Amino acid sequence: MTLPLFLVLHLVYGTVMGLVLFPRMRAEGEVLGPSLLLTLLPVALVTAPVGAVLLRYSGGWFLHGALIGHGSVAYERFHFGLLLLVGLGAGLTTVTGMFHVVVVSSRDRPQWARAPIWVGALAATAVVALDGRHIIIVAGTEGRALWSHPAGLLSAALVVVLAAMVALTRARFAAVPGRT
C-alpha cells in the first residue's frame, strides 16, 4: 500500500481499537495505560518498520512518485528523516483514531465515534480514483504488478497484523474488569 493508504489504514485501526477498548477505558478511568500500549504495540514493532522498508525499497511507488528519480528517493541524505516521518505518521494517525473515539464517546456523541472510518474510506477512495493505476503498478520495476512484488506481500502483512491485533484485543483484553 502507498503512503496515503498506509496512513488511512492506521487511522481506521486506531478507531477500531478505540471502539473495542472504550468500555474498558471507561470502567478503569484511564486512557494512557494498557489500552494505548496495546494499540501502539503492533505499530511500533511491525507496521512502522514495514512502512520504512516499503519507503526504502519501493519508494517510487510508496510516495506516488514524489521525490523520486528512477524509482528511488533521489536525496539519500534526507532518507533517514523520511523513514522516521513514516513511523511517526503511523503512530500519530493511530493515536488520532483512538483518541477521537474516546473524546466523542465521553462527550455523549457515540454516533460520531466511527467518523474516522468514513473519512478513511473517503480518502482511500479518492486515492484509488485519482491514482489507481500507480497503486497497482510498482514504480521503478519496469511495470511489475503489486501482486508479483514483495511490496504486495508486505502490504498484505500490514493488514493481517493489524486485524490480528484487533481480534486478539477483542478476545483477551476488551472485557471490562469485574463484569462477567
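Here, every reference points to the structure presented above.
It should be emphasised that the depicted structure is a prediction, and the values quoted were computed from it without experimental measurement.

A.B. asks: Go over the overall build of the protein chain, please, and point to the residues and values.
C.D. replies: A count of helices and strands for the protein chain gives six helices and two strands. Against the globule reference of 16 Å for 180 residues, the protein chain gives a C-alpha radius of gyration of 18 Å, in line with a compact fold. Principal-axis analysis of the C-alpha atoms gives the protein chain an extent of 60 × 30 × 30 Å. Counting all 180 residues of the protein chain, 41% fall into the buried class. Long-range contacts, defined as pairs at least 24 residues apart, comprise 75% of the intrachain contacts of the protein chain with a sequence gap of at least 6. Surface accessibility of the protein chain: about 10,000 Å² in total, with carbon and sulfur atoms responsible for 69%.

A.B. asks: Break down the side chain of Asp131 for me, with residues and values.
C.D. replies: Within the element layout of this structure, Asp131 appears in helix α5 (residues 115-136). We note that Asp131 is buried and unpaired, the nearest opposite charge coming from Arg133 at a distance of 7.7 Å. Here the side chain of Asp131 touches His134 through a polar contact of 2.6 Å, side chain to side chain.

A.B. asks: If you had to explain the packing of aromatic side chains to someone new, which residues and values would you point to?
C.D. replies: Applying the stated criterion across every chain yields a total of one aromatic pair. Measuring from centroid to centroid gives 5.8 Å for Phe6 and Phe62, while their planes differ by 70°, and the two rings are edge-to-face. Taken together, the positions of Phe6 in helix α1 (residues 3-28) and Phe62 in helix α3 (residues 59-62) put the pair 56 residues apart, joining distant regions of the chain. With respect to burial, Phe6 and Phe62 carry one shared label: buried.

A.B. asks: Report on the pattern of salt bridges, specifying residues and quantitative values.
C.D. replies: Here the structure, examined in full by the defined rule, presents one salt bridge. Arg24 is the salt-bridge partner of Glu28, the closest N and O atoms lying 2.9 Å from each other. Note that Glu28 and Arg24 are positioned in helix α1 at a spacing of four residues, about one turn of the helix.

Rules used throughout
Residues numbered from 1 in each chain as written. Predicted model: local features only at pLDDT ≥ 70, side-chain atom pairs only at ≥ 80, totals over all residues. Heavy atoms only, no water. Helix = DSSP H or I, 4+ residues; strand = E, 2+ residues; numbered from the N terminus. Rg over C-alpha atoms; globule rule 2.2 N^0.38 Å. Buried < 20%, exposed > 50% of the residue type's maximum accessible area, 1.4 Å probe, protein only. Contact = heavy atoms within 4.5 Å. Areas by Shrake-Rupley, 256 points an atom, 1.4 Å probe, with all protein chains shown as cover. Lys, Arg positive; Asp, Glu negative; His and termini not counted. Salt bridge = Lys/Arg side-chain N within 4 Å of Asp/Glu carboxyl O. Polar contact = N/O pair within 3.5 Å; in protein donor to acceptor, adjacent residues only side chain to side chain. Phe/Tyr/Trp six-rings, centres within 6.5 Å; stacked < 30°, edge-to-face > 60°.

What is shown is where atoms sit, not what they do.
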